[in-house]
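Single-letter residue listing:
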Amino acid sequence: MNRTESFEGEVLRVVRGTRSGVPIAVAIHSTERGPAIGGCRIKPYPSWRDGVDDALRLSAAMTMKCALAGLPYGGGKTVAVLPAEGARRRDLIADIAEAISALGGRYRTGPDIGSTSEDMAEIHRLAHGWAFCRPEAQGGSGTSSAATARGVLAALRAGVAPGSVAGSRVGVIGFGSVGRLVCESLLAQGADVVVTDVDGELRPVAEQLGASWTTADLVRERLDVLVPAATGGLLTAESAAACGASLIVGPANNQLVADEVATVLRDRGITWIPDVIASAGGIIHAVGREELGWDEAAANAKVDAIADTTSAVLSRARERGSTTVRAARELAARLTGTG
Ligand SMILES: NC(=O)c1ccc[n+]([C@@H]2O[C@H](COP(=O)([O-])OP(=O)(O)OC[C@H]3O[C@@H](n4cnc5c(N)ncnc54)[C@H](O)[C@@H]3O)[C@@H](O)[C@H]2O)c1
C-alpha cells in the first residue's frame, strides 16, 4: 500500500486504547458540508501505520460519497488495528467510543468490516449517540446491507442498456450480505449469475438461489457486468488489462488501487461506476432514517436516485472523454464548493 503523501484532512487522531491496547485511528477528512461520517473498520493490518493510511484514504472517499449523494455530511473513518491475538470486544468497543467521544460530535460512525449493528448500539450508548445503524429494536435503522444492495442495483440499471439485465451474464465477487442480495435481485430479473467467494461453504447457498459457482478469477471472465462485492483493491493495472467485463459496478470500497487504473479501463472500453457512487445506498438510508427525518419511502427514493448520479457521471465522462473517476471527482468538487 502506498503511504499517504500529503495530509488533506482536518483531524487525524491515533490513540492506543487504554483498555484494549489496540491502536485506533479516527480520521476526519472534511466537515465542510456537515459532521463527518464513516464506518468503523476493525481488522488486522501488517502494521498500525497501514491502518492509519486506510483511515485517511477511506475518510477522503467518504467526503466524496456524501457530496455525490447530496448528503449534508463530510467524510470520516475509524480504523482499529486488531492484533494477531485479538482483543476483548467490550474493551475495544469502549475504547473506540472514547476516541469518537473526544471529537465532540464532529464525527459519527457506522458499521464496516469487522463491526456490527450491536457494536454501534454500544458506541451510541457510550458516545452521545454518535453512531448509526443500531439494531431496529434499539431504535436504529438496522443493518445497511439491503439499502447498499438497492443502491448497487440502481447504479447498475443506469450503466446498462434499458431492459438488458435479463439474459445478461453477471459475475459477483463476494457472496456476503450485499453480494447475496444483489445476486437474488439479478436472478429474479432473469440474469445469468456466476458467483465466487473465498468461503467455499457459501457455494450450496448460492447454487440454491440459482447462481452458478466458480473458483476462477471472475475479473478475467467474459461478462456483461462484474460486481465487486468483497474487499477493495481488486482493480490493478494488470487486472484491468485482463478484465473481460463490459461494466463494473459493486459495493466494495476503494476498488481501484490508483486512479490511473480507471484510464486502463476507459481505454479498453470498460465502464467503471465509481464505488463512492455505487456503494452509497447504506449510508444514505441510515442517515436519512436516523437523522434527517425521512420515512422509509423517502429514504428508498434517495437511494434509487443513485441511478441519476450514475447517469450524470457517465454522461460527463463520455462528453469529455475523461475517466469516470475524474468525472465523479469534478462533480463532487462542484458540490463541496472546492471545484
Ligand atoms: N454492507 C454495507 O452496507 C456496505 C456499505 C458500503 C460498502 N460496503 C462494502 O461492500 C463490500 C461487501 O460488503 P458486505 O457487507 O457484503 O461484506 P461481507 O463481509 O458480508 O461479505 C464479503 C464477502 O466477500 C468474501 N471475500 C472476501 N475476500 C474475498 C476475495 N478475495 N474473493 C472473493 N470473496 C471474498 C467474504 O468471504 C464474504 O463472504 C465490502 O467491501 C464493504 O466494505 C458494504
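For the structure itself, consult the block above.
These remarks concern the structure in this document. Computed from a predicted model, the values in this text were never measured in an experiment. (Residues numbered from 1 in each chain as written. Predicted model: local features only at pLDDT ≥ 70, side-chain atom pairs only at ≥ 80, totals over all residues. Heavy atoms only, no water.)

Quick look at the packing of aromatic side chains
Counted by the stated rule, this structure contains 0 aromatic pairs. The positively charged end of Lys43 is found above the aromatic ring belonging to Tyr45, 4.1 Å away from the centroid. (Phe/Tyr/Trp six-rings, centres within 6.5 Å; stacked < 30°, edge-to-face > 60°. Lys NZ or Arg CZ within 6 Å of the ring centre and 35° of its normal.)

Overview of the site of the ligand
Near the ligand lie 21 residues; those nearest to it are Ser144, Thr148, Val178, Asp197 and Ala230. The fraction of the free accessible surface of the ligand (820 Å²) that becomes covered by protein chains is 71%. Counting only elements with at least two residues in the shell around the ligand, the list comes to helix 4 (145-159) and helix 5 (177-188). By residue class, the composition of the shell around the ligand is 10 nonpolar, 8 polar and 3 charged. (Near = heavy atom within 4 Å. Areas by Shrake-Rupley, 256 points an atom, 1.4 Å probe, with all protein chains shown as cover. Helix = DSSP H or I, 4+ residues; strand = E, 2+ residues; numbered from the N terminus. Nonpolar A, V, L, I, M, F, W, Y, C, P; charged D, E, K, R; others polar.)

Thoughts on the nonpolar core
Among the nonpolar cores identified, the biggest contains 60 residues, and Leu186, Val193 and Val195 are the most heavily contacted of them. Looking at which domains feed residues into this core, each of domain 1 (11-60 + 73-135) and domain 2 (145-279 + 308-336) supplies at least three. With residues near it in sequence (within four places) discarded, Leu186 still touches Leu153, Leu156, Val165, Val170, Ala191 and Val193. Counting 22 residues, the second-largest nonpolar core is a separate cluster that includes Ile28, Ala97, Met120 and Ala131. (Core = buried A, V, L, I, M, F, W, Y, C linked by side-chain atoms within 4.5 Å. Buried < 20%, exposed > 50% of the residue type's maximum accessible area, 1.4 Å probe, protein only. Domains from an automatic or database assignment. Contact = heavy atoms within 4.5 Å.)

Concerning the pattern of salt bridges
Under the criterion given, the structure shown has 21 salt bridges. A salt bridge links Glu10 to Arg106; the nearest nitrogen and oxygen atoms lie 2.8 Å apart. Remark: Arg106 occurs in the loop between helix 2 (89-101) and strand 6 (107-108) and Glu10 occurs in the segment before strand 1 (11-16); sequence separation between them is 96 residues. In this structure Glu10 comes out as partly exposed when scored by relative accessible area, which is 31%. On the basis of relative accessible area, Arg106 is assigned to the partly exposed category, the value being 37%. (Salt bridge = Lys/Arg side-chain N within 4 Å of Asp/Glu carboxyl O.)

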